[in-house]
Amino acid sequence: MKLLEPWKLALISLAVVVFLALVIGLLAYFLLMDPEMYFYNGSFKITNVQYTPDFDKQTSKEFRGLSANIETLVTRAFRASSLNKKYIRSHVIKLSPDARGVAVEIVLMFHFSSNDNMASYLERVRNILLQGLQTNTGYLQVDPSTFELSGMKKENGQNLLNNCCGIRILNSPFYSDRITGGRTAQEGAWPWQASLQLSGIHRCGATLISDSWLVTAAHCFRGQRNPSLWAASFGTVIRPPKGRRNLRSIIVHEQYTDTLRNHEYDIAVVQLASPVEFSGDIRKVCLPEEFSVFPPNTSCFVTGWGALQDDGPSVNNLRQAEVKIIDTDICNRAEVYSGFISPGMVCAGYLEGKIDACQGDSGGPLVTADSRGIWYLVGIVSWGDECAKRNKPGVYTRVTYYRNWIAAKTGI
Ligand code: ARG
C-alpha cells in the first residue's frame, strides 16, 4: 500500500483545520454573540401631574397620553446615547396614585450579547435614563430622588408585558397577507389571534380580549351555537397549535338574525372553559374606547387562516395583509356597496382589489398600532362581495360601535 504523498497530506490537513476553525467560529458566534433580550424595571415619580382614576386603565386617553410622553423621552435619551444599538423599546406598564403626583413603572428592553458586561450596563442604563428624565422633558417634572432602576429576570420582564394588552414582541430583532394577496405571519406576530373550530375543523377567526374571552363574528355560529361542539386554538399554526380550549359559552348579539345577506350586528363574544396562560405567542389585544376614531387611510392589518382566493380552502399557517380604512361615504357609493354600509360597519382594503380577507377569515381581527406601537382591535372580519375584487373591499364589524355591548357581556 502506497502512502499518501506529503503534499496531499498537507493539503488534507489544511482543509480539515480550516473546516474546524470555521465550525468553531460559527458556533462561538451564534452561542456567544447571539443577542439576548434583557429587561430593566424603572420607577420614578412625576410631581406635576394630578392622578385621576382614568390612569388605571391602560386603554384610556389619559394613560396613553402620559405614557406616550414618557416613552418618547426615554427612547430619545437612548437613541442619543452609546446604547442606541442595544436599546429596543420601553413600555410604561403602570401609573399609580402618589401623594405628590403620579408614580410611574416602566419596563425597558435591550438586546445584549451574553459576553457583554452586564454590571457595567446597569450603571450606563441608569445614568442615561436619569439624565433623560431631567433634561428637555417638556412639561413633565420628574423627582430624581424617587428614581430607581434594577435588572429583571427575562421571565419576569416577559410576564409583565404578557399581561399588557396589544403588545407583541418578536424574537427576531427586526420588527417590521383566506387572506388574498398577503403573506405568512411570523411566529408571535399576532398573539391575540385564535382559530374557532367546529368539531375540530377551522371555521372562523377570533380575537383574545382577556385570558378567557374572545370576540368574533355572529355569523360564525350560523346553524350551530352549542358551545360543547366548538373549541378555540392559539398560535400561528392550526396543526399543531400552541394551545387549545373548549368553550364555556357563546353569546351572539341579541339583534343578530340568521337570514342570508344580513350583516347587521355581526358580533359575538365567547368565553373559554378555562383561561389561557399568556406567553410570547398568546396575548390579548387592546379594545379601543367607544369614542376612538380611526380615520380613513389608517393602515391596519387583517390576519387569518382563510382562503387565498374566493372559494379556496383554509390554510395551516396564519397569514397577514395590510389594508387601509376606507371612508364610509366612499364605501357606500353606487359602484361599491351602494348604501349597505351601516354605522356598525367599517370598510378596509383597496378599491382596486387584490388584497383582502376571504372565507375562513371571518370573526378574525383587523388591528392597528398606535403611536406607542400598541395594537388595537378596529374591526371584526364580517363580509364582502367575493374576495379582493375591484370596488368590493372587506367589510368589518366596527368595534367602537359595539364597545359598550362587549363591556356589558364580558365586563372588559
Ligand atoms: N364571510 C366570510 C367568512 O365567513 C368572510 C368574508 C370576508 N370577505 C372579504 N372579502 N373580506 O369567512
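Now for a look at the structure at hand. As the structure is a computational prediction, the values presented were derived from the model and not from experiment.

### Here's the deal with the packing of aromatic side chains
Next up, step 1: On inspection of all chains with the given rule, the structure shows 17 aromatic pairs.
Next up, step 2: Consider the rings of Trp190 and Trp375, whose centres lie 5.1 Å apart with planes at 85°: the pair is edge-to-face. One end of the pair, Trp190, is in the loop between β5 (183–184) and β6 (193–198); the other, Trp375, is in strand β16 (residues 375–383), and 185 residues separate them in sequence.
Next up, step 3: Residues Tyr401 and Tyr402 carry aromatic rings whose centres are separated by 5.0 Å and whose planes lie at 75° to one another, so their mutual orientation is edge-to-face.
Next up, step 4: Given a relative accessible area of 3%, Tyr402 falls into the buried group.
Next up, step 5: A connected cluster of aromatic rings, assembled from ring pairs, spans Tyr38, Tyr40, Phe78, Tyr87, Phe110, Phe112 and Tyr121.
Next up, step 6: Directly above the ring of Tyr376 sits Arg64, whose terminal nitrogen or CZ lies 4.3 Å from the centroid.
Next up, step 7: Cation over ring: Arg168 sits above Trp190, and NZ or CZ is 4.4 Å from the ring centre.

### Topic: the site of the ligand
Next up, step 1: Of all residues adjacent to the ligand, which total 15 residues, the nearest are His219, Asp356, Gly360, Ser362 and Glu386.
Next up, step 2: Here an oxygen atom of the ligand sits 3.0 Å away from a polar atom, N or O, in the side chain of His219.
Next up, step 3: Taking Glu386, its main chain carries an N or O atom lying 2.8 Å from a nitrogen atom of the ligand.
Next up, step 4: Compared with its free state, where it exposes 350 Å², the ligand has 88% of that area covered by protein.
Next up, step 5: If you map the ligand onto the pockets, it falls in the largest pocket.
Next up, step 6: Class assignment of the residues belonging to the shell around the ligand gives a composition of five nonpolar, seven polar and three charged.

### As for the nonpolar core
Next up, step 1: Grouped together as the largest cluster of nonpolar side chains are 48 residues, with contacts concentrated most on Trp190, Leu196, Leu214, Phe221 and Phe234.
Next up, step 2: Breaking this core down by element, the ones donating at least two residues are β6, β7 (201–208), β8 (213–216), β9 (230–234), β10 (243–252), β11 (268–272), β16 and α6 (403–410).
Next up, step 3: Among the elements that make up this core, the one with the highest residue count is β11 (four residues).
Next up, step 4: Listed in part, the 32 residues of the second largest apolar core include Val49, Val74, Val102 and Phe110.

### Here we look at helix α4 (residues 154–162)
Next up, step 1: Those residues of α4 lying buried are Gly157, Leu161 and Asn162. Buried residues of α4, seen end-on, are gathered within an arc of 135° and therefore sit on one face of the element.
Next up, step 2: Taken together, the buried residues of α4 touch β1 (36–46), β2 (87–98), β3 (101–112) and β4 (142–152).

### Here we look at the layout of surface pockets
Next up, step 1: By volume, the largest pocket is sized at about 820 Å³.
Next up, step 2: Looking at the largest pocket, it is lined by 31 residues, and the ones nearest its centre are His263, Gln359, Ser382, Trp383 and Gly384.
Next up, step 3: Mapped onto the lining of the largest pocket, the elements with two or more residues apiece are β7, β16 and β17 (394–398).

### Regarding the state of the cysteines
Next up, step 1: Within this structure, the stated rule accounts for four disulfides.
Next up, step 2: Covalently, Cys204 is tied to Cys220 through a disulfide, its sulfur atoms 2.0 Å apart. Across the S-S bond linking Cys204 and Cys220, the dihedral sits near -95°, which makes this disulfide left-handed. Taken together, the residues Cys204 in strand β7 and Cys220 in the loop between β8 and β9 connect sequence positions 16 residues apart.
Next up, step 3: Owing to a relative accessible area of 8%, Cys220 belongs among the buried residues under this scheme.
Next up, step 4: One disulfide bridge connects Cys331 with Cys347, the sulfur atoms lying 2.0 Å from each other. Linking Cys331 and Cys347, the disulfide has an S-S dihedral of approximately -90° and is accordingly described as left-handed. On the criterion of sequence distance, the pair formed by Cys331 in helix α5 (residues 328–331) and Cys347 in strand β14 (residues 345–349) is long-range, its members being 16 residues apart.
Next up, step 5: Owing to a relative accessible area of 0%, Cys331 belongs among the buried residues under this scheme.
Next up, step 6: For Cys347, a relative accessible area of 0% gives the class buried.
Next up, step 7: Here the disulfide map of the protein reads 1-4, 2-3, 5-6, 7-8, the bonded cysteines being numbered as they appear in the sequence.
Next up, step 8: Not part of a disulfide, Cys164 finds its nearest cysteine sulfur in Cys165, a span of 7.3 Å.

Definitions and limits used
- Residues numbered from 1 in each chain as written.
- Predicted model: local features only at pLDDT ≥ 70, side-chain atom pairs only at ≥ 80, totals over all residues.
- Heavy atoms only, no water.
- Phe/Tyr/Trp six-rings, centres within 6.5 Å; stacked < 30°, edge-to-face > 60°.
- Helix = DSSP H or I, 4+ residues; strand = E, 2+ residues; numbered from the N terminus.
- Buried < 20%, exposed > 50% of the residue type's maximum accessible area, 1.4 Å probe, protein only.
- Lys NZ or Arg CZ within 6 Å of the ring centre and 35° of its normal.
- Near = heavy atom within 4 Å.
- Polar contact = N/O pair within 3.5 Å; in protein donor to acceptor, adjacent residues only side chain to side chain.
- Areas by Shrake-Rupley, 256 points an atom, 1.4 Å probe, with all protein chains shown as cover.
- 1 Å grid on protein atoms, 1.4 Å probe; cavity = no way out; pocket = protein on both sides within 12 Å on 5 of 7 lines; lining within 4 Å.
- Sits in = over half its atoms within 2 Å of the grid points.
- Nonpolar A, V, L, I, M, F, W, Y, C, P; charged D, E, K, R; others polar.
- Core = buried A, V, L, I, M, F, W, Y, C linked by side-chain atoms within 4.5 Å.
- Arc of directions from axis to C-beta.
- Contact = heavy atoms within 4.5 Å.
- Points joined across faces, edges and corners; volume = space filled by probe spheres on them.
- Disulfide = S-S within 2.5 Å.

So yeah, pure geometry; function would need other evidence.
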